[in-house]
Amino acid sequence: MILARVIGNVVATQKDARYEGGRIMIVRPINPDGSDAGEELLALDAVDSGVGDMVVVVREGWSASTTSTGSPGAAIDSAIVGVVDTVEENA
Amino acid sequence: MQLARVVGTVVATVKTESLEGCKLLVIQPLDSSLAQKGQPMVAIDSVGAGKGELVFWCRGREASFPFLPAEVPSDCTIVGIVDSLFVDSEFTG
């Protein structure tokens, strides 16, 4: 799983049926200190996150589709599975 | 999933049986500012997307799930057509 910042969302009427009812968020991977850490991706929201939130994103498809839709076997490769309160780094 | 623009179509007469009837499109992956990122890819369409449309696609094993119970060999499938896109101005540029 990775840390990411929610920076926006996508609206799509015509989509795979398993996306119905889910929110498709645009997330930007970040390091624990908040700096950018890679390429943006879309993730289905399983936890009611909002734009600006630091979140935990799972990028393994089985876990992502099961968590965000309630059952496995959906064409979903990434999902937001947690909203981060704090990150502590040990020196 | 990632954003992409449909930039072309692929015609392949000789192909594996499980790809029969599948629409193959060339897509250019994009970031949230709609700038190109990475190389064009061949995607299977599952939502009726056409050339020029902004779409999002799914990678990996999950890319074959829209076609179940058919086992379609795909690692890149278009799973949605984008109506609109919002990026908070704090995170643009």
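Refer to the structure above for everything that follows.
Residues numbered from 1 in each chain as written. Chains lettered and ligands numbered in written order. Predicted model: local features only at pLDDT ≥ 70, side-chain atom pairs only at ≥ 80, totals over all residues.

Novice: Help me understand the overall build of chain A, please; the structure alone is not making it clear to me.
Specialist: Helix and strand counts for chain A stand at one helix and five strands. Tracing chain A from N to C terminus, the helices and strands come up as β-β-β-β-α-β. In summary, chain A has a C-alpha radius of gyration of 13 Å against a globular reference of 12 Å for 91 residues, a match within 12%. Counting only C-alpha atoms, chain A reaches 45 × 25 × 20 Å along its principal axes. Counting the 91 residues in chain A, one finds 43% classified as buried. When contacts within chain A are restricted to residue pairs at least 6 apart in sequence, long-range pairs at least 24 apart make up 50% of them. (Helix = DSSP H or I, 4+ residues; strand = E, 2+ residues; numbered from the N terminus. Rg over C-alpha atoms; globule rule 2.2 N^0.38 Å. Buried ≥ 20, exposed ≤ 12 C-beta atoms within 10 Å, placed from the backbone. Contact = placed C-beta atoms within 7 Å.)

Novice: Just checking my understanding: could you explain the overall build of chain B for this structure?
Specialist: Along chain B, the regular secondary structure elements total zero helices and six strands. Along its sequence from the N terminus, chain B presents helices and strands in the succession β-β-β-β-β-β. In terms of principal-axis extent, the alpha carbons of chain B reach across some 50 × 25 × 20 Å. In chain B, which comprises 93 residues, the proportion classed as buried is 34%. Counting contacts in chain B only where the partners sit at least 6 residues apart, residues at least 24 apart contribute 53% of the total.

Novice: Can you help me understand the interface of chain B and chain A in this one?
Specialist: Many descriptions give the size of an interface as the accessible area lost when the pieces come together. Every contact between the two is made by 31 residues of chain B and, on the other side, 27 residues of chain A. Listed by contribution, the elements that provide at least two residues to the side of chain B that touches chain A are β1 (2-10), β4 (54-59), β5 (76-81) and β6 (84-87) of chain B. Looking at the side of chain B that touches chain A, its residues break down into 16 nonpolar, eight polar and seven charged. Examined bridge by bridge, strand β1 (residues 2-11) of chain A and β6 of chain B share four bridges and lie antiparallel to one another. Residue pairing across strands places Asn-9 of chain A opposite Phe-86 of chain B, the latter belonging to β6 of chain B. (Nonpolar A, V, L, I, M, F, W, Y, C, P; charged D, E, K, R; others polar. Pairing = 2+ DSSP bridges.)

Novice: It is not clear to me how unusual backbone geometry should be interpreted in this structure. Could you clarify?
Specialist: Peptide bonds are trans in most cases, and residues, glycine excluded, mostly fall at negative phi. Omega for the bond connecting Leu-68 of chain B with Pro-69 of chain B falls within 30 degrees of zero, at 5°, which places this linkage in the cis form. Residue Asp-48 of chain A is not a glycine yet carries a positive backbone phi of 60°. Of note in this structure, Leu-34 of chain B is not a glycine but carries a positive phi near 65°. Along the chain, Leu-34 of chain B turns up in the loop between β2 (24-30) and β3 (41-45).

Novice: In this structure, what is going on with the pairing of strand β5 (residues 79-83) of chain A? I would like to understand it.
Specialist: Regular strands place their side chains on alternate faces of the sheet. All names here are of chain A. As judged from the two bridges shared by strand β3 (residues 41-45) and β5, these two strands associate in the parallel manner. By the bridge assignment for β5, Asp-45 is matched with Ile-80. In terms of strand pairing, strand β4 (residues 54-58) meets β5 through four bridges, oriented antiparallel. Note that in β5 the partner of Val-55 across the bridge is Val-83.

Novice: How should I be thinking about the environment of Asn-9 of chain A in this particular structure?
Specialist: Looking at where Asn-9 of chain A falls in the secondary structure, it is placed in strand β1. The exposure class assigned to Asn-9 of chain A is buried, which follows from the 20 C-beta atoms found within 10 Å. In the structure, Asn-9 of chain A is positioned 60 residues away from Thr-69 of chain A in sequence and 18 Å away in space, judged by C-alpha atoms. With sequence-adjacent residues up to four places away left out, Asn-9 of chain A is seen in contact with Arg-23, Ile-24, Met-25 and Ile-26 of chain A together with Phe-86 of chain B.

Novice: Can you walk me through the sheet that holds β5 of chain B in this structure?
Specialist: Strand pairing in a sheet relies on backbone hydrogen bonds, with the paired strands running either antiparallel or parallel. Residues and elements named next belong to chain B. Spatially, the five strands close up into a barrel ordered β1-β2-β3-β5-β4, and their pairing is mixed. Neighbour-to-neighbour, the strand axes of the sheet open up by a mean angle of 55°, direction not taken into account. Across two bridges, β3 lies against β5 in parallel orientation. Bridge pairing in β5 places Ile-44 opposite Thr-77. (Axes fitted to C-alpha atoms, helices over the stretch in contact; angles between N-to-C directions.)

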